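So you can see what is in the structure, the chains are spelled out below.
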Amino acid sequence: VLILLATISTVVTARINRLHPPEGELVAIAAGIVHMAERRPKGHAPEADVVLVHGASATLGDQLLALADKLALRYRVLAVDRPGQGWSGRPGGRLDASPLRQARHIAAALRHRGVERAIVVGHSFGASVAAALAIEEASLVRGLVLVAAASHPWPGGVSWHYRIAAWPILGGLYSFLLAPTLGSLILGRGVEAVFRPQAPPPDYVSKAGASRALTPGRFRANAQDVASLKRHVAALCRRYQEITTPCVIVTGDADDTVRSSIHSHGLARDIAGSRLVVLEGVGHMPHHSHPEAILAAVDEIVARTSKTRTLAPSERG
């Protein structure tokens, strides 16, 4: 049985990687490889750089599908695979589950691509990485848009499969033998659950490359991220008051994945001068269901930080 499961896992993993190759450039930094995809305006220079950081159980494909084309009408967009996800390496193993370490890797890759100052859009787990960037790499961050953020400690823990996959040794075996096979059977239901009460976009799983999260290495890295997140944000949230860059926080009041009353409202309390946007009846994926709210937030930050200030769409009558 073990040999059969190992064979199926190897075949499924190879098929997933073949169907979803890198969308962008594999940027070599001192710590390893960071995968980054770029979109930019056609026919004119971009008005600003915007960096997209995805959440847990996802890759940059989620951000590309939701936001990149719309943002790229005006801005240079760089979507990043977090360490261990998509086609980015995980040089530090479980140590790279730290949002601070992930932020440092991403900052090095951005500087390698010539980014000097960017608006960082972070979704869910990616919001904690975006906040860490603003704390540790403040000169690089022009502004923050934190979407359905996972940013503060919460009551309880995480699902059992994250805990098991994050265990030393046994977690690696579990991820290798079971994640590609069992995960493929429940992926669709998992996607529907994270989008609820909204529905996923048509063909989301294939267009966003969602099945990449089921390959053993990525599955295990994601489990390490999620299993240790509560501990990491318990320390990180004490530093949010250090963030001085303009910040817009976007959340849905029907988010069953990350409770906005703890996380987004906590960020609004802890980051001076931030603005909280609450979308009525919206779940955990507002960048898909209400991308205009994210675009307006980016426009607002560009307007607030430009030398010659113009009104952003969110400020116009």
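Cut-offs and rules
Residues numbered from 1 in each chain as written. Predicted model: local features only at pLDDT ≥ 70, side-chain atom pairs only at ≥ 80, totals over all residues. Heavy atoms only, no water. Disulfide = S-S within 2.5 Å. Helix = DSSP H or I, 4+ residues; strand = E, 2+ residues; numbered from the N terminus. Contact = heavy atoms within 4.5 Å. Pairing = 2+ DSSP bridges. pLDDT = per-residue confidence, 0-100. Phe/Tyr/Trp six-rings, centres within 6.5 Å; stacked < 30°, edge-to-face > 60°. Buried < 20%, exposed > 50% of the residue type's maximum accessible area, 1.4 Å probe, protein only. Lys NZ or Arg CZ within 6 Å of the ring centre and 35° of its normal. Right-handed = clockwise from strand over helix to strand, strands pointing away.

Engineer: Even after reading the chapter, I still don't get the state of the cysteines, so can you show me in this structure?
Structural biologist: In a disulfide, the sulfur atoms of two cysteines are held together by a covalent bond. Counting across every chain of the model gives 0 disulfides. Among the cysteines around Cys237, which has no disulfide bond, Cys247 carries the closest sulfur, lying 15 Å off.

Engineer: What's the story with the environment of Phe195 in this structure? I'm lost.
Structural biologist: By the element assignment, Phe195 lies in helix H6 (residues 170-195). Considering only alpha carbons, one finds Phe195 and Asp255, 60 residues apart in sequence, at a separation of 8.7 Å. The residues touching Phe195, leaving out its near neighbours within four places in the chain, are Pro200, Pro201, Tyr204, Met285 and His288.

Engineer: Explain the pairing of strand E1 (residues 25-29) to me, please; I cannot follow it from the model alone.
Structural biologist: Consecutive side chains along a regular strand alternate between the two faces of the sheet. Where E1 and strand E2 (residues 32-39) come together, 5 bridges link them in antiparallel fashion. Bridging across to E2, Glu25 finds its partner in Met36. Taking the residues that link successive antiparallel strands as the turn, the E1-E2 hairpin has 2 residues.

Engineer: How do you make sense of the confidence of the model for the chain when you look at a structure like this?
Structural biologist: Parts of the model with low pLDDT should not have their predicted coordinates read in detail. Here the chain averages 94 in pLDDT, and 97% of its residues register 70 or above. A low-confidence stretch, residues 308-317 stays under pLDDT 50, and its non-local contacts, those more than four residues away or across chains, total 15 contacts.

Engineer: In this structure, what is going on with the packing of aromatic side chains? I would like to understand it.
Structural biologist: Note on aromatic pairs: each is described by the distance of the centres and the angle between the planes. Counted according to the given criterion, the structure contains 2 aromatic pairs. Both rings, one in Tyr174 and one in Phe219, keep their centres 6.3 Å apart while their planes meet at 45 degrees; by these two values the pair is tilted. With Tyr174 in helix H6 and Phe219 in helix H8 (residues 216-236), this pair connects stretches of sequence that are 45 residues apart. When sorted by exposure, Tyr174 lands in the same class as Phe219, which is buried. Relative to Tyr204, the ring of Phe195 lies with its centre 5.0 Å away and its plane at 75 degrees, an arrangement referred to as edge-to-face. Each member of the pair Phe195 and Tyr204 is classed as buried. One cation-aromatic arrangement involves Arg218 over Trp87; the distance from NZ or CZ to the ring centre is 5.0 Å.

Engineer: Would you take a moment to explain the pairing of strand E4 (residues 76-80) for this structure?
Structural biologist: The buried count for E4 comes to 5 of 5 residues, which makes it a mostly enclosed element. Where E2 and E4 come together, 4 bridges link them in antiparallel fashion. In the sheet register, Arg39 faces E4, and the bridge partner there is Val77. Looking at chain direction, strand E3 (residues 49-53) and E4 are connected through 5 bridges and run parallel. By the bridge assignment, Val51 is partnered in E4 with Leu78. One crossover worth recording links E3 to the parallel E4 by way of helix H2 (residues 60-71), and it is right-handed.

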